[in-house]
Amino acid sequence: NRHPIILILDGLTDIRNIGSLFRLSDAARLEKIYLYNCKFTEKNRLFTRVGRSTHKYIPYQSIESIDRITELEEGYELVALEISSDSVPFYDVSLSNKIALVIGSEKDGVSPQLLEKSKKTVHIPMYGVNTSMNVACASSVVVYDLVRRLLDKR
């Protein structure tokens with residue numbers, strides 16, 4: 001009875017963000033996390049502490065090949081969370097019932113390969129002086145909007 005949303009973490013290196021995204025995935029009952037080119041080990045004490053051991057409850061898989069993401073495209077609509085010239089506010093885009101939300105690292109964002117594969121690119125409008133949010137915070141905003149939309153369809 002998980003929500004049909006998966007996260008693809010693209011090149012994340014900050015173990016605190018990865019742990020926070022595991023917590024988010026548990027809280028929102030997401031289907032799975034794919035770690036694409038992420039430096040990750042579940043034995044890291046900081047990850048266990050920040051993630052509150054949610055890696056025991058959330059299915060996840062490390063993947064190194066873009067081919068695995070190509071396979072995911074068959075069942076999920078790939079949506080990148082990234083500010084770009086083509087992106088639209090997350091609340092203005094229509095989406096399918098099965099979403100693969102691509103989350104890039106704070107340093108590099110979503111990789112060009114995954115931006116190209118993504119059917120849509122969404123962003124969170126920034127109204128303040130700073131032009132970015134922490135990746136885990138930004139993901140939370142969008143994930144809970146996606147979950148709300150799914151629940152409204154029922």
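Because the structure is predicted, anything quoted here is derived from the model rather than measured.

Q: Give a description of empty space enclosed by the protein that names residues and reports values.
A: Within this structure, the stated rule accounts for one cavity of 30 Å³ or more. Of the volumes computed, that of the largest cavity is approximately 50 Å³. Together, Val79, Phe90, Val93, Leu95, Ile99, Leu101, Val122, Val142, Asp145, Leu146 and Arg149 line the largest cavity. Among the elements of the structure, β6 (99-104) and α5 (135-153) are those that each provide at least two residues to the lining of the largest cavity. If one sorts the elements of the lining of the largest cavity by residue count, α5 sits on top with four residues.

Q: Outline the state of the cysteines, supporting the account with residue identities and numerical values.
A: Across all of its chains, the model carries zero disulfides by this definition. Here Cys38 is not disulfide-linked; the sulfur of Cys137 is the nearest cysteine sulfur, at 18 Å. Residue Cys137 is classed as partly exposed on the basis of its relative accessible area of 43%.

Q: Lay out the nonpolar core in plain terms, naming residues and giving numbers.
A: Leu7, Leu9, Ile18 and Leu101 are the most contacted members of the largest nonpolar core, which totals 34 residues. No other element matches the eight residues that α5 contributes to this core. Listed in part, the 14 residues of the second largest apolar core include Ile69, Leu72, Leu78 and Val102.

Q: Lay out the packing of aromatic side chains in plain terms, naming residues and giving numbers.
A: One pass over the structure, following the stated rule, counts two aromatic pairs. Between Phe22 and Tyr60 the ring centres are 5.2 Å apart and the planes differ by 75°, which places this aromatic pair in the edge-to-face class. Residue Phe22 is found in helix α1 (residues 15-27), and its partner Tyr60 is found in strand β3 (residues 60-63); the two are separated by 38 residues along the sequence. Given a relative accessible area of 0%, Phe22 falls into the buried group. Judged by relative accessible area, which is 24%, Tyr60 ranks as partly exposed. Pairing Phe90 with Tyr91 gives two aromatic rings, centres 5.1 Å apart and planes at 70°, and the pair type is edge-to-face. On the basis of relative accessibility, which here comes to 11%, the residue Phe90 falls in the buried class. For Lys98, the ring lying beneath its charged end belongs to Tyr76, and the centroid distance is 4.7 Å.

Q: Help me get a handle on unusual backbone geometry, residues and values and all.
A: For Arg29, which is not a glycine, the phi torsion comes out positive at approximately 55°. With respect to the secondary-structure elements, Arg29 resides in the loop between α1 and β2 (30-36). The phi dihedral of Asn37 is positive, around 55°, even though this residue is not glycine. Residue placement: Asn37 occurs in the loop between β2 and α2 (45-51).

Q: Outline the layout of surface pockets, supporting the account with residue identities and numerical values.
A: Taken as a whole, the largest pocket holds about 360 Å³ of empty space. What lines the largest pocket is a set of 18 residues, and nearest its centre among them are Leu81, Glu82, Ile83, Ser132 and Met133. For the lining of the largest pocket, the secondary-structure elements that each account for two or more residues are β6 and α5. For the lining of the largest pocket, the residue count by class is nine nonpolar, seven polar and two charged.

What counts and how
Residues numbered from 1 in each chain as written. Predicted model: local features only at pLDDT ≥ 70, side-chain atom pairs only at ≥ 80, totals over all residues. Heavy atoms only, no water. 1 Å grid on protein atoms, 1.4 Å probe; cavity = no way out; pocket = protein on both sides within 12 Å on 5 of 7 lines; lining within 4 Å. Points joined across faces, edges and corners; volume = space filled by probe spheres on them. Helix = DSSP H or I, 4+ residues; strand = E, 2+ residues; numbered from the N terminus. Disulfide = S-S within 2.5 Å. Buried < 20%, exposed > 50% of the residue type's maximum accessible area, 1.4 Å probe, protein only. Core = buried A, V, L, I, M, F, W, Y, C linked by side-chain atoms within 4.5 Å. Phe/Tyr/Trp six-rings, centres within 6.5 Å; stacked < 30°, edge-to-face > 60°. Lys NZ or Arg CZ within 6 Å of the ring centre and 35° of its normal. Nonpolar A, V, L, I, M, F, W, Y, C, P; charged D, E, K, R; others polar.

Functional significance is not addressed by these values, which are geometric in nature.
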